[in-house]
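A closer look at the structure
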Amino acid sequence: MSKKGIVFLITVGIALAAVPFLFRFFDKRQAEDYINQIGVTEDEGDEKGKAGISKKKASAKLPEGAIGILEIESLNIRYPIFEGADAGHLNMGIGHLPETAGLLEKGNCVLAGHNGSSRGIFFTNLSSIADGAEVKVTDKEMATHTYIVEDTGIVGSYDTSVRAESDEERLTLFTCAYHGSQRFVCRCKLATDDNECRAGHS
C-alpha cells in the first residue's frame, strides 16, 4: 500500500474515533445553551416554605420542548428536563418518564439521564451522590421543589420498582450502570425544614 493510502486510512480512523467526542461536545453545548436561555434567578426576599417549595423568576422562557430544570449542586448538575425519555430527549438533557407523576406533583416523578454514552454524559456522576444531598426541580411556572436523597442502589434493567407509585410526592433519578446491563437508582423525598437541617449538618 502506498504512503498516501496509509495516511488516508489513518486520517479516516482518527475521524471516526473523534465522532463520539464531537457528538458529546455538541449535545452538551446545546444543553448548556438551553440552561442559559432559562436564566433562572431567585427573587429577592423569597422564602422557602415548609415543604421545600420556593418561587423563582426567569429572565427568559424555557426553551422549546423543555418542561423544567434539574439541579444537583453537589454534583455540578444543572440541565433542562424534557417530556419523554427517548434518544432525542436524552441527547439534549434529562428525560421525564411520561407514565410517572408530573414535575412537582403528588406521586413518584421519575427522571432518566445518559451515563457516559457517546451522546450524553448528563448523569455520569450520579452514582457518587451522597445520602442527604439536595436535588432541586423547577417547572414551567418557575416553582421549585427541593428533594433530599434518601437512598441509592443498583437494580436490574427491568426492575419495575423504579416506577413504583407513591401516595407522597417523591423523585426518582436513574441511569445506566455496568454498561447498560443494570440501573443506578437515586430515590428522593420532598424536603421539609427538619430534614433539610439534618442534611445541612451531616
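Residues numbered from 1 in each chain as written. Predicted model: local features only at pLDDT ≥ 70, side-chain atom pairs only at ≥ 80, totals over all residues. Heavy atoms only, no water.

**Things to note about the nonpolar core**
Core analysis: the biggest nonpolar cluster contains 29 residues, and Leu70, Leu111, Ile129, Val135, Leu171 and Leu173 have the highest contact counts within it. Residue contacts for Ile129: discarding those within four places in its chain leaves Ile72, Leu75, Val135, Val149, Thr152 and Cys186. With eight residues, the next largest nonpolar core counts Leu97, Ala112, Phe174 and Val185 among its residues. (Core = buried A, V, L, I, M, F, W, Y, C linked by side-chain atoms within 4.5 Å. Buried < 20%, exposed > 50% of the residue type's maximum accessible area, 1.4 Å probe, protein only. Contact = heavy atoms within 4.5 Å.)

**Some details on unusual backbone geometry**
Notably, Asn76 is not glycine yet its phi reads approximately 60°, a positive angle. Positionally, Asn76 belongs in the loop between strand S3 (66-72) and strand S4 (77-83). Of the residues examined, Asn76 reaches a relative accessible area of 72% and is grouped as exposed. In this structure, Tyr178 takes a positive phi of about 50° despite not being glycine. By the secondary structure assignment, Tyr178 is in the loop between strand S9 (169-177) and strand S10 (182-190). (Helix = DSSP H or I, 4+ residues; strand = E, 2+ residues; numbered from the N terminus.)

**Observations regarding the pattern of salt bridges**
One pass over the structure, following the stated rule, counts five salt bridges. Two residues, Glu71 and Arg78, come together in a salt bridge whose shortest N-O distance is 3.3 Å. Each of Glu150, Arg170 and Lys189 takes part in salt bridges that share partners, so that together they form one network. (Salt bridge = Lys/Arg side-chain N within 4 Å of Asp/Glu carboxyl O.)

**Things to note about the environment of Lys106**
Tracing the chain through its elements places Lys106 in the loop between strand S5 (94-96) and strand S6 (107-112). Exposure remark for Lys106: the relative accessible area of 66% places this residue in the exposed category. Separated by 64 residues in the primary sequence, Lys106 and Arg170 have C-alpha atoms spaced 7.3 Å apart. Excluding its chain neighbours within four sequence positions, the residues that come into contact with Lys106 are Ala101, Asp167, Glu168 and Glu169.

**A few points about the confidence of the model for the protein**
Considering every residue of the protein, the mean pLDDT works out to 78; 64% of them sit at 70 or more. Overall, residues 53-60 carries pLDDT values under 50, and its contacts beyond four positions in sequence, including any with other chains, amount to 34 contacts. (pLDDT = per-residue confidence, 0-100.)

**Points about the environment of Thr146**
Along the polypeptide, Thr146 turns up in strand S8 (residues 143-156). Accessibility expressed as a relative area gives 1% for Thr146, which makes it buried. Along the sequence, Thr146 and Ile72 sit 74 residues apart, while their C-alpha atoms lie 9.9 Å from each other.

**Some thoughts on the side chain of His145**
Tracing the backbone through its elements, the reader meets His145 in strand S8. We classify His145 as buried; its relative accessible area is 6%. Side-chain polar atoms of His145 contact the side chain of Glu169, separated by 2.5 Å. (Polar contact = N/O pair within 3.5 Å; in protein donor to acceptor, adjacent residues only side chain to side chain.)

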